[in-house]
Amino acid sequence: MSSSGRGAPRRASTLVSGEVDKFDRLAQDWWDPAGPMRPLHRINPVRLAYIREEVCRHFGREDRAAFPLEGLSVLDVGCGAGLLSEPAARLGGAVTGLDPAPGMIEAARRHAAESGLAVTYRADTVETLAAEGASFDLVIAMEVVEHVADVDLFVGSCAAVLKPGGLLLLATINRTLRAFALAIVGAEYVLRWLPKGTHDWERFVTPEELRRSCEAAGLAGYATRGMVFDPLDRDWRLSRDTAVNYLARAAKPGSAA
Amino acid sequence: MTLPSAPRPPAWRILIVGGGIASLALALALRHGAGEAVEVTIADPAPETAAGGGRAYALSMASVAMLDVLGIWRTLEPGAQRIAGMRITDSRLADAVRPDYLHFGGRLDEPLGYLLEAAPIATALSDACAAAGVTCLRSPAGSMRTEGAGIVVELGGDEHRAALLVAADGARSRLREAAGLRWIGERYPQMGLVATIAHERDHGGIAVQHFLPAGPFAILPLAGPGRALPHRSSIVWTERADRARELLGAPDEAVAQALAERFGPDLGTIERETPLAGFPLGVGLARSFVAERMALLGDAAHLVHPLAGQGLNLGLGDAAALAERIVDAVRLGLDPGGPDVLAAYQRDRRLDAVAMATLTDGLNRLFSNDSLALRALRDLGLGLVDRSPAKRLFAAHAAGTTARAPRLMRGEAL
């Protein structure tokens, strides 16, 4: 698959070199809703609505609970500057945010401190945590799968840090022509929502490939939801259409927390 | 099972400056919808419960639905007068017979709304707010500044930090001015006069609006007997400003004489129960309803002529929309003072407010005039409205049943 050197296999890593520096530069601007990460701010409500809905159903939480994540340990893989980690903490989760870019983690820490939130941030990879034997009730990895070199290894590591009965939530981009047209040509070149080179179409993963990765990792109950941009509302919403952006859930068998 | 011992995250702080009915409804809806995830403070040196005197409000069915969801309608209903119908007449004082141009309602199963005095609404909401853990401070707001992801407001010498400041400090909002939000509006050369009037004959739940040359004169039916006579109504009397000031200082007999002329013979003997209270009238609209970390609510965002009785309903509509946007954000762990939340609130409310300001301003101008040509025109106009689907649409709008009304105004909990 990729050109990752086989010379010194210290520990298997799913990182592609070059992907880290690219986001490091964006760290300061990350939290500005009108800044360069505006697209993430725009999809954030939809991603969080999905997280809330799936968590309430899976862990039997009350629909309108003020703190639906209370009592749950949460791992946010590829947390960036904390756009999902902080809301998850606001909803009551005991959150660990993980990102390989130290600059990003530094930005995330400062922001959480300013918000008065107790989020644990680590500049590390999920593979390291798996090797340490860490475990969580909820693992979220949103807009990460399309940036990793080995999807099976990545999903396997996410599954490894799940407690029995734990829930994995993913968000990524499908490998379709429409995704190429919208996510790369549209979002990066025409609308300039994202910096050019943010995405590499070859790395996109189809919902079926993701299902196979989840099942190979011993996860069950795989299901997907689409996330579409509604040009009339000029906003994102959940949908059955998974042709471009989609979300996925899978759970580790066992009794839930 | 081991629970991670995460401390409760800090609550989002929402500060509401101005303690009127719309503010109280907003605060209550926020605590009902978001619970401990929000900390709500209302600051007002003179909250509405302390005032009240003589002022009555027409609540649309949408507003009633909202108060019902908030759990206070059952307290208010026994003292509320159902509006069974509405008569609109266009006449000069000297006209003995005042022909009806519009007659709404009459079907028993669907009232047009309810009439209620300000004080009981404010009291019921205040009590519910206190029970729901809303903090009320009797402090005036001083300076303010945005700082990081928040806004800092000086309240009676203390600095109060919040994620969102709601400016509900009235048509002449100081906070709106401090935020640099421009106001487009003007004073009318008219004043509003209000009082409670007891009368001999039953109003039958019919609200009457006489369009007199100096401005509209509304007789709004109230529930319960008057002190000396068996029935009572509240009046909203629009009068030329110079004449209104004369009336405010006039001897009782002169006021009684002016009232009798305006009431006509329909309700029999009348007697004034409260002193006339006057207030300036105007129309106005803020250029933007939001600024960084700040939202305008009620009269601070839009001032309309009281002739359609829509001022409070608009304010409650603001409260319902803002509460919905805030609760939706907070339920996702998102910042309720963020620009996307505020932009959505502005989109929700702007059309409604502009439409109502334009409509009431237009009606007031059209009717506050004694020109024969204009009278002929408006007689024709109202006649047409009465026979057209526009009337149904107008009534649907008043009832809040048009599309995209906030959930609370459709009687749904957040």
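Criteria and thresholds
Residues numbered from 1 in each chain as written. Chains lettered and ligands numbered in written order. Predicted model: local features only at pLDDT ≥ 70, side-chain atom pairs only at ≥ 80, totals over all residues. UniProt positions renumbered as here; feature names shortened; annotations may be inferred. Pairing = 2+ DSSP bridges. Helix = DSSP H or I, 4+ residues; strand = E, 2+ residues; numbered from the N terminus. Contact = placed C-beta atoms within 7 Å. Axes fitted to C-alpha atoms, helices over the stretch in contact; angles between N-to-C directions. Expected span 1.5 Å × (residues − 1). Buried ≥ 20, exposed ≤ 12 C-beta atoms within 10 Å, placed from the backbone. Arc of directions from axis to C-beta. pLDDT = per-residue confidence, 0-100. Nonpolar A, V, L, I, M, F, W, Y, C, P; charged D, E, K, R; others polar. Parallel < 35°, antiparallel > 145°, perpendicular 65-115°, else oblique. Left-handed = near helix turned anticlockwise from the far one by under 90°.

As annotated in an unreviewed UniProt entry, chain B carries the name 2-octaprenyl-6-methoxyphenol hydroxylase and comes from Enterovirga rhinocerotis. What the UniProt record of chain B gives under Pathway (unreviewed entry) is the line "Cofactor biosynthesis; ubiquinone biosynthesis." If you open the UniProt record of chain B and go to Cofactor (unreviewed entry), you find "FAD".

If you check an unreviewed UniProt entry, chain A appears there as Ubiquinone biosynthesis O-methyltransferase from Enterovirga rhinocerotis. In its Sequence similarities (unreviewed entry) section, the UniProt record describing chain A reads: "Belongs to the methyltransferase superfamily. UbiG/COQ3 family." Looking at the Pathway (unreviewed entry) heading of the UniProt record, one finds this comment for chain A: "Cofactor biosynthesis; ubiquinone biosynthesis."

A. Structural view of the sheet that holds strand β12 (residues 164-167) of chain B. Residues and elements named next belong to chain B. The strand order across the open sheet formed by six strands is β8-β2-β1-β12-β20-β19, and the pairing between neighbours is mixed. The sheet is open, and its two edges are formed by β8 (135-137) and β19 (290-291), each paired on a single side. In the sheet, β19 pairs with strand β20 (residues 294-296) via two bridges, with the strands oriented antiparallel. In the sheet register, Ala291 faces β20, and the bridge partner there is Met294. The strands that helix α1 (residues 21-34) touches are β1 (12-17), β2 (38-43) and β12; relative to β2, the one it contacts most, it runs at about 170 degrees.

B. Here's a closer look at helix α4 (residues 102-115) of chain A. Residue and element names in this part refer to chain A. Taking 1.5 Å as the rise per residue, α4 with 14 residues should run 20 Å; its terminal C-alpha atoms sit 20 Å apart, in good agreement. All of the buried residues along α4 are Met104, Ile105, Ala107, Ala108, His111, Ala112 and Ser115. Seen end-on, α4 carries its buried residues on one side only, within an arc spanning 160 degrees. Exposed positions of α4 whose direction lies more than 90 degrees from the buried face are Ala113 and Glu114. Among the residues trailing α4, Gly116 stands out with phi positive, at a value near 70 degrees.

C. A look at the confidence of the model for chain B. Averaged over every residue, the pLDDT of chain B is 84; the share at 70 or more is 79%. Across the interface, the model reports ipTM at 0.86; the global pTM reads 0.87.

D. Structural detail: the UniProt feature "domain: Methyltransferase type" (unreviewed entry) in chain A. When the UniProt feature table is mapped onto this chain numbering, "domain: Methyltransferase type" (unreviewed entry) sits at residues 75-169 of chain A. Taken end to end, residues 75-169 of chain A comprises 39% helix and 27% strand; its first and last C-alpha atoms sit 10 Å apart.

E. Looking closely at the sheet that holds strand β7 (residues 113-117) of chain B. Residue and element names in this part refer to chain B. The antiparallel open sheet is built from three strands, whose spatial order is β3-β7-β4. With partners counted over all chains shown, the strands left at the sheet margins are β3 (56-60) and β4 (81-83), one partner each. Taken pair by pair, the neighbouring strands of this sheet meet at an average axis angle of 30 degrees, ignoring direction. Here five bridges tie β3 to β7, and the two strands are oriented antiparallel to one another. Across the sheet, residue Ala58 finds its bridge partner in β7, namely Leu115. Each of β3 and β7 is contacted by helix α4 (residues 118-131), which is oriented at about 90 degrees to β7, the strand it contacts most.

F. Inspection of the interface of chain B and chain A at higher detail. Tallying the contact residues gives 20 residues for chain B and 26 residues for chain A. Partitioning the side of chain B that touches chain A into residue classes produces 13 nonpolar, four polar and three charged.

G. Structural detail: the packing of α1(B) against helix α8 (residues 311-330) of chain B. Residue and element names in this part refer to chain B. Where α1 meets α8, the closest approach of the two axes is 9 Å, and the angle between their N-to-C directions is 25 degrees. Taken together, α1 and α8 sit at an angle that is classed as roughly parallel. Between α1 and α8 lies a crossing of right-handed hand. Residues Ile21, Ala22, Ala25, Leu26, Ala29, Leu30, Gly33 and Ala34 of α1 form the contact with α8, whose own contacting residues are Leu312, Gly315, Leu316, Asp318, Ala319, Ala320, Leu322, Ala323, Ile326, Val327 and Val330. Its residues assigned to classes, the contact of α1 with α8 shows 16 nonpolar, two polar and one charged.

H. Expanded view of the environment of B:Ile14. All names here are of chain B. Tracing the backbone shows Ile14 in strand β1. Distance in space between the C-alpha atoms of Ile14 and Ala27 is 8.7 Å, their sequence separation being 13 residues. The contact partners of Ile14, leaving out residues within four places of it in the chain, are Leu30, Val38, Val40, Ala162, Ala163, Leu164, Val166, Ile326 and Pro336.

I. How the structure looks around unusual backbone geometry. With a phi close to 55 degrees, A:Glu143 is a non-glycine residue in the positive phi region. By the element assignment, A:Glu143 lies in the loop between β4 (136-142) and α6 (151-160). A:Glu143 sits in the buried class, given 21 other C-beta atoms within 10 Å. Of note, B:Arg293 is a non-glycine position whose phi angle comes to about 60 degrees, a positive value. Residue position: B:Arg293 is located in the loop between β19 and β20.

J. Expanded view of the packing of α1(B) against α4(B). All names here are of chain B. Where α1 meets α4, the axes come as close as 9 Å, and the angle between the chain directions of the two elements is 30 degrees. Classed by the angle they form, the pair α1 and α4 counts as roughly parallel. Like other packed secondary-structure pairs, α1 and α4 cross with a definite hand, here left-handed. Here Ile21, Leu24, Ala25, Ala27 and Leu28 of α1 come into contact with α4, specifically with Ile121, Ala122, Leu125, Ser126, Ala128 and Cys129. Looking at the contact of α1 with α4 residue by residue, the class counts come to ten nonpolar, one polar and no charged.

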